[in-house]
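Residue-level structure breakdown
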Amino acid sequence: MKTPERLLPLVEAEIIDEVVFRLMSGKEADVFVVRSGGETRCAKVYKEAQNRSFQKMSDYTEGRSVRNSRNARAIKSKSRFGKKEHEAEWQRTEVDALATLASAGVRVPKTYSFLDGVLVMELILDANGDPAPRLNDVEPTATEAAAYHASLVRDVVRMLCAGLIHGDLSEFNVLLAHDGPVIIDLPQAVQSTANNAGAMLTRDVRRLATFFGSFHPPLLQSRYAEEIWRHYTRGTLTPDSPLTGKFVDDGKKANVRDVLASIEGALEDEAEKRASRN
């Protein structure tokens, strides 16, 4: 196919040999299958802010630090340079998160290069050697649903232990590879120290329970989010912490902000799903 303009610098730099086809167009990026380094990989081309559909960006950027004070001041002033730097920071968040999570043992794509707002990554494949489908495009058996859910909850724990929360985890941001689920799309990753971290984690985990619970109903009654967060806030969470999915409230007053954020997130999810069906 004709090389998209955004990929031309990578072709000229000999990072990409050939663009094979467009794999998908998402809410924050377009993804192309490419030939690179003698292998078939994918190139994620980030969309500019005005073309993204994330709402309440402050929910995702809370607690993030900018690499130098000059850039931080520019971003705060919303100058032309500041807006450009804000975009660069948004994109670098995913690059950094993927490296951090891979080191922590989380199932994420391997990264190869990042240039001019384009991230070249491993192409995740299914059992037939084709690009792996997203979870929302498959119908697992009850046994498979339980196994995939367990794998992803464990990755959520590993992420939290590494200081990150996905922030937008759902069946739309997980690929089903030949050897299990792989988490993708991390530019909105939230720091575990952010004030809204608990709400974001709860939303991520409940989304997983809702999706897999439609194939394995017992998961609908699970309370992994509360169990994980309690371990984390008490300093007892490790990547291998045993989990039961059960949780007994200790009677403390609920965090109203977290509850409202979780409800609002669920409403946004439903609106997105309805839009995707139309």
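Going by the structure above, here's the rest.
Since the model is a prediction, treat every value here as computed from it, not as a measurement.

1. Brief notes about the overall build of the protein
For the protein, the count of helices and strands is 8 helices and 9 strands. Burial status across the protein gives 44% buried among its 278 residues.

2. Some points on the packing of aromatic side chains
How two aromatic rings sit relative to each other is given by the distance of their centres and the angle of their planes. One pass over the full model with this rule turns up 4 aromatic pairs. Ring plane angle 65° and centroid distance 5.4 Å describe the contact between Phe 211 and Phe 215, whose orientation is recorded as edge-to-face. By relative accessible area, Phe 211 is classed as buried at 12%. A connected cluster of aromatic rings, assembled from ring pairs, spans Phe 211, Phe 212 and Phe 215. Lying over the aromatic face of Tyr 112, Arg 41 brings its terminal NZ or CZ to 3.6 Å of the ring centre.

3. A look at the pairing of strand S7 (residues 174–177)
Here S7 shows two buried faces, one formed by Val 174 and Leu 176 and the other by Leu 175 and Ala 177. Where S7 and strand S8 (residues 180–183) come together, 4 bridges link them in antiparallel fashion. Considered in S8, the bridge of Leu 175 is made with Val 182. Counted between consecutive antiparallel strands, the loop separating S7 from S8 contains 2 residues.

4. Focus: the packing of helix H5 (residues 142–161) against helix H7 (residues 224–233)
It is at 11 Å that the axes of H5 and H7 come closest, and there the two elements cross at 25°. As summarised for this structure, H5 and H7 are arranged roughly parallel, according to the angle between their axes. Read as a crossing pair, H5 and H7 show a hand that is right-handed. Between H5 and H7, the residues in contact are His 149, Val 153, Val 157 and Leu 160 and Tyr 224, Ile 228, Trp 229 and Tyr 232, respectively.

5. A closer look at the side chain of Glu 226
Relative to the assigned elements, Glu 226 resides in helix H7. Of the residues examined, Glu 226 reaches a relative accessible area of 17% and is grouped as buried. Only 2.8 Å separates the side chain of Glu 226 from the side chain of Arg 206, close enough to count as a polar contact.

6. Structural notes on unusual backbone geometry
Phi is positive for Glu 14, which is not a glycine, with a value near 60°. Mapping Glu 14 onto the fold places it in the loop between helix H1 (8–12) and strand S1 (18–25). For Glu 14, a relative accessible area of 68% corresponds to the exposed category. In this structure, Asp 185 takes a positive phi of about 60° despite not being glycine. Topologically, Asp 185 is positioned in the loop between S8 and strand S9 (190–191).

7. Things to note about the packing of H5 against helix H6 (residues 197–213)
Following both chains from N to C, one finds H5 and H6 inclined at 170°, their axes separated by 10 Å at the closest point. Considered as vectors, H5 and H6 are oriented roughly antiparallel to each other. For the pair formed by H5 and H6, the contact residues are Ala 145, Tyr 148, His 149, Leu 152, Val 156 and Leu 160 on the first element and Leu 201, Val 205, Leu 208, Ala 209 and Phe 212 on the second. Classifying every residue of the contact of H5 with H6 by side-chain character gives 10 nonpolar, 1 polar and no charged.

8. Description of the sheet that holds strand S5 (residues 118–122)
Spatially, the 5 strands line up as an open sheet ordered S1-S2-S3-S5-S4, and their pairing is antiparallel. Every interior strand has two partners, whereas the edge strands, S1 and strand S4 (111–115), have only one. Looking at each pair of strands side by side, their axes are set apart by 25° on average, direction ignored. In this sheet, strand S2 (residues 29–36) lies alongside S1 in antiparallel orientation, the contact comprising 6 bridges. Its bridge partner lying in S2, Glu 18 is registered against Arg 35.

9. Digging into the environment of Gln 188
Take Gln 188: it is sitting in the loop between S8 and S9. Look at Gln 188 and you get buried, because its relative accessible area is 0%. In sequence terms Gln 188 and Gly 167 are 21 residues apart; their C-alpha atoms lie 6.3 Å from each other.

10. Comments concerning a nonpolar patch on the surface
On the surface, Met 1, Val 20, Phe 21 and Leu 23 cluster together to form a nonpolar patch covering roughly 320 Å² of accessible area. Its place among the elements puts Phe 21 in strand S1. Looking at Phe 21, the relative accessible area reads 36%, which means it is partly exposed.

Conventions adopted
- Residues numbered from 1 in each chain as written.
- Predicted model: local features only at pLDDT ≥ 70, side-chain atom pairs only at ≥ 80, totals over all residues.
- Heavy atoms only, no water.
- Helix = DSSP H or I, 4+ residues; strand = E, 2+ residues; numbered from the N terminus.
- Buried < 20%, exposed > 50% of the residue type's maximum accessible area, 1.4 Å probe, protein only.
- Phe/Tyr/Trp six-rings, centres within 6.5 Å; stacked < 30°, edge-to-face > 60°.
- Lys NZ or Arg CZ within 6 Å of the ring centre and 35° of its normal.
- Pairing = 2+ DSSP bridges.
- Axes fitted to C-alpha atoms, helices over the stretch in contact; angles between N-to-C directions.
- Parallel < 35°, antiparallel > 145°, perpendicular 65-115°, else oblique.
- Left-handed = near helix turned anticlockwise from the far one by under 90°.
- Contact = heavy atoms within 4.5 Å.
- Polar contact = N/O pair within 3.5 Å; in protein donor to acceptor, adjacent residues only side chain to side chain.
- Nonpolar A, V, L, I, M, F, W, Y, C, P; charged D, E, K, R; others polar.
- Patch = residues over 30% accessible without salt bridge, like charges linked within 9 Å, V, L, I, M, F, W, Y side chains within 5 Å.
- Areas by Shrake-Rupley, 256 points an atom, 1.4 Å probe, with all protein chains shown as cover.
- Salt bridge = Lys/Arg side-chain N within 4 Å of Asp/Glu carboxyl O.

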